[in-house]
Amino acid sequence: MQEYQIKRGYTKQLTESMIQGLRDQFGAEPAVSEDGHYTITYGALLRLEVWSGSGGKTLVVDTEANKSADDETIIDTNRRFRNYLQQVTGYTAKERAKKAQQALKGKE
């Protein structure tokens, strides 16, 4: 499970953005649970589950990988997943890595 910070201005429509991002990047309609978790299956992911984190200011993602997927499927799935995170959080992969490093430094 991983938690990602959301860029200012992206938090107001987080739920709608999470759902639309899954539709845009994976072409799948997410199943919704009673506790507000959205789940899809795509390519090398047996399960991709997303929900709003603390105070609606973070995106929480839990995944389960298909270990028998071929390389092409894994590459496509990873690309779509990175694009999804950028669409929902507003941060690029480089910016997300920097935020994660800053969060680790703060916990030390």
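Right, let's walk through the structure included here. Just so you know, these numbers come straight off a predicted model, no measurement behind them.

Definitions and cut-offs
Residues numbered from 1 in each chain as written. Predicted model: local features only at pLDDT ≥ 70, side-chain atom pairs only at ≥ 80, totals over all residues. Heavy atoms only, no water. Helix = DSSP H or I, 4+ residues; strand = E, 2+ residues; numbered from the N terminus. Buried < 20%, exposed > 50% of the residue type's maximum accessible area, 1.4 Å probe, protein only. Contact = heavy atoms within 4.5 Å. Core = buried A, V, L, I, M, F, W, Y, C linked by side-chain atoms within 4.5 Å.

1. Comments concerning the environment of T73
Here T73 shows up in helix α2 (residues 71–89). For T73, a relative accessible area of 24% corresponds to the partly exposed category. Measuring from C-alpha to C-alpha, the distance between T73 and Y42 comes to 9.5 Å, with 31 residues separating the pair along the chain. Sequence-distant contacts of T73, that is, excluding residues within four places in its chain, are made with G43 and A44.

2. Points about the nonpolar core
Grouped together as the largest cluster of nonpolar side chains are 20 residues, with contacts concentrated most on F26, L48, V50, L59 and Y84. Contributions of two or more residues to this core are made by α1 (14–26), β3 (38–42), β4 (45–52), β5 (58–65) and α2. Considering every element that reaches this core, the biggest residue donor is α1, with five residues.

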